[in-house]
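Summary of structural features
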Amino acid sequence: MDWTHYRFRSLWHLAAPPDDVYGALADAEHYPLWWPQVREVTPVDDVTGIIRIRSVLPYDLVFTAREERRDPDAGVLEIAMTGDVDGWARWTLTPAGTGTRARYDQEVHVTKPLLRRLAVPGRPAFRANHALMMRAGRRGLAAHLRGKGEAV
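As a starting point, this report considers the structure included with it. Not measured: the values here are computed from a predicted model.

Concerning the pairing of strand E4 (residues 61-71)
- Pairing of strand E3 (residues 48-53) with E4, which is carried by six bridges, proceeds in the antiparallel orientation. Considered in E4, the bridge of Ile51 is made with Phe63.
- Summarising the sheet, E4 and strand E5 (residues 76-83) pair through eight bridges and their orientation is antiparallel. From the neighbouring strand, Thr64 faces E5, where its bridge partner is Thr82.
- Linkage of E4 to E5, two consecutive antiparallel strands, is achieved through a turn of four residues, within which Gly75 is found at a positive phi near 70°.

Considerations on the side chain of Ser10
- Mapped onto the elements, Ser10 comes out in strand E1 (residues 5-14).
- Excluding residues within four positions of it along the chain, Ser10 makes contact with Ala102, Arg103, Tyr104 and Met134.

Points about the packing of aromatic side chains
- If you walk through the whole model with that rule in mind, you get eight aromatic pairs.
- When the ring of Tyr31 is compared with that of Trp34, the centres are 4.9 Å apart and the planes differ by 50°; the resulting orientation is tilted. Of this pair, Tyr31 and Trp34 both sit in helix H2 (residues 31-34), three residues apart, which is roughly one turn of the helix. With respect to burial, Tyr31 and Trp34 carry one shared label: buried.
- Grouping aromatic residues by their ring pairs yields a cluster made of Trp12, Tyr31, Trp34, Trp35, Trp91 and Tyr104.
- The ring of Tyr6 is capped by Arg123, whose NZ or CZ atom sits 4.2 Å from the centre of that ring.

Some remarks on the packing of helix H1 (residues 18-26) against helix H4 (residues 119-145)
- Look at H1 against H4: their axes get within 11 Å of each other, and the N-to-C directions meet at 120°. Two packed elements cross with a definite hand, and for H1 against H4 that hand is right-handed. Where H1 approaches H4, its residues Asp20, Val21, Ala24 and Leu25 are matched on the opposing element by Leu141, His144 and Leu145.
- Residue classes in the contact of H1 with H4 are distributed as five nonpolar, one polar and one charged.

What counts, and where the lines are drawn
Residues numbered from 1 in each chain as written. Predicted model: local features only at pLDDT ≥ 70, side-chain atom pairs only at ≥ 80, totals over all residues. Heavy atoms only, no water. Pairing = 2+ DSSP bridges. Helix = DSSP H or I, 4+ residues; strand = E, 2+ residues; numbered from the N terminus. Contact = heavy atoms within 4.5 Å. Phe/Tyr/Trp six-rings, centres within 6.5 Å; stacked < 30°, edge-to-face > 60°. Buried < 20%, exposed > 50% of the residue type's maximum accessible area, 1.4 Å probe, protein only. Lys NZ or Arg CZ within 6 Å of the ring centre and 35° of its normal. Axes fitted to C-alpha atoms, helices over the stretch in contact; angles between N-to-C directions. Left-handed = near helix turned anticlockwise from the far one by under 90°. Nonpolar A, V, L, I, M, F, W, Y, C, P; charged D, E, K, R; others polar.

So yeah, pure geometry; function would need other evidence.
Written out as structure tokens, the structure reads:
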């Protein structure tokens, strides 16, 4: 087993129409307004940015995100990631009643030296850290979509 390899999947059920959810997720530059762990997004060009995240554990992850797919008709947003993590992440949105089901898939290899050294003993904490970040992101996006979300 490669202890530096991670696959994540999160399902968010949101009470907003898919177009609204897609618009918010496609606007990565504004994630820090509603997703507390996304500390900074610095655009490089129209399809690339540098993202800094930090959840509960005392380390930042910094990576370059490059848009690979933006397909509003299919409800898909996908990025390639390089830096402290290398891999990809994808949002897939589908209608769910009057709301939206947002599925997040991510597959990465950790390259940050500290996290590689702690790969085996730290794995449960790293996975829990990711789960907490995703839970906060869902709450933040839900509030943002309700019009309350600049300081969540």
